[in-house]
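Each chain, written out:
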Amino acid sequence: MELKKDSNAVSIDMLLIVHSEKRRAAQGAHSDRQADPGAPPQRRGGLQGVGNGIRRWQKLERNDLHGTQLTVEVHPRDAMPQLLKKFPLAKRLQGDKNGNTRARQPGGKDAHAYPWDRSSLKSMPLDLRQFEKLDTYASQVTVKSGLDALVSDLLQEAHSDLERVRAIWIWICHHIEYDIEAAQEKDRQAFKPTTILQTQKTNCDGYAGLFERMCRIAGVQCMTVPGYSKGFGYQPGQSFSGEFDHAWNAVFLEGRWHLVDSTWGSGLVDSTTSKFTFLYNEFYFLTHPALFIEDHFPDNKNWQLLRPPQSLRQFENNMYHKSEFYNKGMLSAHPQTSIIKTVNGKVTVTIESCAPTLFMFMLNGKQEHGLLSFRKNGMKLDVYPPTVGTHKLQIFAKGNSEIYSSVLEYTLKCHYADIDVRLPAELHQPVGPSWFSEQMGITKPSHPEPVIYTSDGRCSVSFGVEEGISVLASLHGDDGPVTEETQRRYIFQLQREKRTELKVQVPHAGKFALKIFVKKRQEPGNYVFVFNYLLCCTNSKVNWPVFPESFGNWGQDNELLEPLSGVLPANHSVPFKLKLHGIAKALVKGQDTWPLTLNREGYWEGHCSTAGCQEVYVMVLENANHNFYSYILKYEVDAQ
């Protein structure tokens, strides 16, 4: 090994540049284990940029040096090495804004506190509105010739390092798609910037390499950072070892290093069809390091940009919040571990959000075996796995968009399944009133909690209803009523001033879903589901019949005191008492006709004999000048 020393040098840096056909070939030897832009490709061989030359050389095995030519220069700290001048990046490095020929390694002033302080999703203060014009411009720039010309065009509307980086980021995220075939075939030519510009396809190595190259042309310090990732195919709790599976970038802006991942910012690949879709993700631009570490673990802990840095074991064990978790305004979730063990057959998950948010969940791909309640700023979910074993729990959030996105995924370990906690199949989500039901016109519920316990099989639920809103309710149980008509006959609905009361009686012991629907009276269309209650009755002696059937002329302000049972005993004299508004006459018709009289308290009263009839009707005359009576209630007579 020959050393050439400059006699005028005061301080020296050693640059080791390794020329090895073997290592260059290894650089293209990738084996991606997923077909997603988040698909982590394996760690690259060879050099990872000039700034890391010495450290990378130290990691070469003895066998890798066989037949290798090694040239070492000793040069002044601020001088440009002769060999480096052969690289096209040399000119750009000399033109660095800070006058440096090498990118500064991250230090203490680059580090952010861990855990996340909830202040911002970004590592520096940003107002994304300031980028609107630039983003539109950069996304529409087309490739005319080479990379230098492309960068020059992109920088026409960029007036700071931050804007230069933003323009490059936007262009890559909107023009470069993930190349599944090249990744699977380990085609290293597909990862070269010139090839990427031609095909506008690459994998994560290509994304990171192109981003670094374009930043350096723009005069901005940038590094490619290899490491492990929690991308497509990641399983909660899995361990990481061996070759790295992903690559991203660090950029130097305003005196600090910041992190970006243009691969994951560009879009998604459908694992079933292997088709790429551009779906821009702002989250991975200058991501706060305390959030970036959730799915990116760099080969060098300094590139975590965290204080204190996290260990690989912590990275493996920590809860993985997907980018949509933060994009949709989530702040935290509990438990904070991805693998949860049930306690007495139950698991509880809570999420805190910045604003009211709609959620849904799936246990093993189905919306079953859980009670999901909305909170003003978050949600609570109780899950009861039906069997012993391992279960997959996914949680989705809607946010401001019309699409529910997956935000969390847990693995549940169930060692005891409580067979007594079997929820009705028709129990939909959410359970219990919330900000959402209030938004839909239902206010001040008598039962704010999602579960109602009744010892005698009966309960009364009431709530305020905004003007112009109609309410519909039905009762559902696995062993209960089956027809739509019967589902509503176990509920008798009363309207008192601006409140609606639901008198409910269940046909037998068990668990039931009391479902609430609403509709604006003046608008066409069907009733919309809002929420349901879970009704629980353990009294085995309960055997309530249905309520009487009501017809359209049953007024909203009417009130039924007796008889509440829709099935009347045969050959009996049955008392009737109702409050009816705006009518002239009322009667009960069975085998014969019995008039009802209006008492001083405003109730229509009377008796009816059920002898010789199968059905009994309550009828009213609304206009005294007419002789046409309307049916408002129908009772059945017991065959016995």
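Scope of this entry: the structure provided in the associated data block. All values reported here derive from a predicted model rather than from experimental measurement.

**Some words on the overall build of the protein**
Reasoning step 1: A tally of regular secondary structure across the protein gives 15 helices and 39 strands.
Reasoning step 2: A buried classification covers 52% of the 640 residues belonging to the protein.
Reasoning step 3: A total of about 31,300 Å² of accessible surface is found on the protein, and carbon and sulfur atoms cover 48% of it.

**Examining helix H5 (residues 147–154)**
Reasoning step 1: Taken as a whole, H5 has its buried residues at Leu147, Leu150, Val151 and Leu154. Looking straight down H5, one finds its buried side chains confined to an arc of 95°; they lie on one side.
Reasoning step 2: Packing partners of the buried residues in H5 comprise helix H4 (132–140), helix H6 (161–175), helix H8 (193–199) and helix H9 (204–217).

**Here's the deal with the sheet that holds strand E15 (residues 330–334)**
Reasoning step 1: Strand order in this open sheet of four strands is E15-E17-E20-E19, and the pairing throughout is antiparallel. Since the sheet does not close on itself, it has two edges, and those belong to E15 and strand E19 (370–375), each with one partner. Going from strand to strand, the sheet's axes swing by 15° on average, the running direction of each strand aside.
Reasoning step 2: Pairing analysis gives four bridges linking E15 to strand E17 (residues 347–353), with the strands arranged antiparallel. If you follow Met330 over to E17, its bridge partner there is Ser353.

**Section: unusual backbone geometry**
Reasoning step 1: Tyr114 connects to Pro115 through a cis peptide bond whose omega is 5°.
Reasoning step 2: Mapped onto the elements of the fold, Pro115 is located in the loop between strand E4 (112–113) and H4.
Reasoning step 3: A cis amide bond links Arg307 to the next residue, Pro308, at an omega of 0°.
Reasoning step 4: Assignment of secondary structure puts Pro308 in the loop between strand E14 (306–307) and helix H12 (312–317).
Reasoning step 5: We note that Gln200 has phi near 55°; this positive angle belongs to a residue other than glycine.

**Remarks on the side chain of His391**
Reasoning step 1: Summarising the element assignment, His391 is placed in strand E21 (residues 389–397).
Reasoning step 2: Here His391 falls in the buried class, since its relative accessible area comes to 6%.
Reasoning step 3: A polar contact of 2.8 Å, which involves the side chain of His391, links it to the backbone oxygen of Thr387.

**Some details on the nonpolar core**
Reasoning step 1: One finds Phe211, Met214, Leu393, Ile395, Tyr410, Leu514 and Leu535 to be the most contacted residues of the largest nonpolar core, which totals 121 residues.
Reasoning step 2: The element that contributes the greatest number of residues to this core is H6, accounting for nine residues.
Reasoning step 3: Excluding residues within four positions of it along the chain, Tyr410 makes contact with Met319, Ala333, His334, Pro335, Thr337, Ser338, Ile340, Val349, His391, Lys392, Leu393 and Ile395.
Reasoning step 4: Residues Trp554, Trp604, Leu633 and Tyr635 belong to the second largest nonpolar core, which totals 25 residues.

**Some details on the environment of Thr136**
Reasoning step 1: Counting through the fold element by element, Thr136 comes out in helix H4.
Reasoning step 2: Distance in space between the C-alpha atoms of Thr136 and Trp171 is 9.7 Å, their sequence separation being 35 residues.
Reasoning step 3: At 3.0 Å, the side chain of Thr136 and the backbone oxygen of Glu132 are in polar contact.

**Observations concerning the pattern of salt bridges**
Reasoning step 1: This model, assessed by the stated rule, comprises 19 salt bridges.
Reasoning step 2: Two residues, Glu212 and Arg216, come together in a salt bridge whose shortest N-O distance is 3.4 Å. Here Glu212 pairs with Arg216, and both are found in helix H9, just four residues apart, close to one helical turn.
Reasoning step 3: Ionic contacts of the salt-bridge type, sharing partners, join the residues Lys122, Asp135, Arg166 and Glu282 into one network.

**Here we look at the sheet that holds strand E8 (residues 246–253)**
Reasoning step 1: The strand order across the open sheet formed by five strands is E12-E9-E8-E7-E13, and the pairing between neighbours is antiparallel. Both outer strands of the open sheet, strand E12 (285–287) and strand E13 (296–298), are each paired with one neighbouring strand and no more. Across the sheet, the axes of successive neighbouring strands diverge by a mean angle of 50°, strand direction being ignored.
Reasoning step 2: As judged from the two bridges shared by strand E9 (residues 256–260) and E12, these two strands associate in the antiparallel manner. Bridge pairing in E12 places Leu259 opposite Thr287.
Reasoning step 3: The strands touched by H6 are E8, E9 and E12; relative to E12, the strand with the most contacts, the crossing angle is about 110°.

**Digging into the packing of aromatic side chains**
Two aromatic rings are characterised by how far apart their centres lie and by the angle between their planes.
Reasoning step 1: Within the structure shown, the criterion is met by 28 aromatic pairs.
Reasoning step 2: Measuring from centroid to centroid gives 6.5 Å for Phe374 and Phe436, while their planes differ by 80°, and the two rings are edge-to-face. In this pair, Phe374 is assigned in strand E19 and Phe436 in helix H14 (residues 435–439), connecting sequence segments 62 residues apart.
Reasoning step 3: A residue is classified by how much of its surface remains accessible, and Phe374, at 8% relative accessible area, is buried.
Reasoning step 4: One aromatic cluster is present, formed by Trp116, Trp248, Trp264, Phe283, Tyr284, Phe292, Phe325 and Tyr326 through successive ring pairs.
Reasoning step 5: Here the basic side chain of Lys230 rests over the ring of Phe315, its NZ or CZ set 4.6 Å away from the ring centre.

Rules and cut-offs
- Residues numbered from 1 in each chain as written.
- Predicted model: local features only at pLDDT ≥ 70, side-chain atom pairs only at ≥ 80, totals over all residues.
- Heavy atoms only, no water.
- Helix = DSSP H or I, 4+ residues; strand = E, 2+ residues; numbered from the N terminus.
- Buried < 20%, exposed > 50% of the residue type's maximum accessible area, 1.4 Å probe, protein only.
- Areas by Shrake-Rupley, 256 points an atom, 1.4 Å probe, with all protein chains shown as cover.
- Arc of directions from axis to C-beta.
- Contact = heavy atoms within 4.5 Å.
- Pairing = 2+ DSSP bridges.
- Axes fitted to C-alpha atoms, helices over the stretch in contact; angles between N-to-C directions.
- Polar contact = N/O pair within 3.5 Å; in protein donor to acceptor, adjacent residues only side chain to side chain.
- Core = buried A, V, L, I, M, F, W, Y, C linked by side-chain atoms within 4.5 Å.
- Salt bridge = Lys/Arg side-chain N within 4 Å of Asp/Glu carboxyl O.
- Phe/Tyr/Trp six-rings, centres within 6.5 Å; stacked < 30°, edge-to-face > 60°.
- Lys NZ or Arg CZ within 6 Å of the ring centre and 35° of its normal.

Honestly, it's all geometry; don't read function into it.
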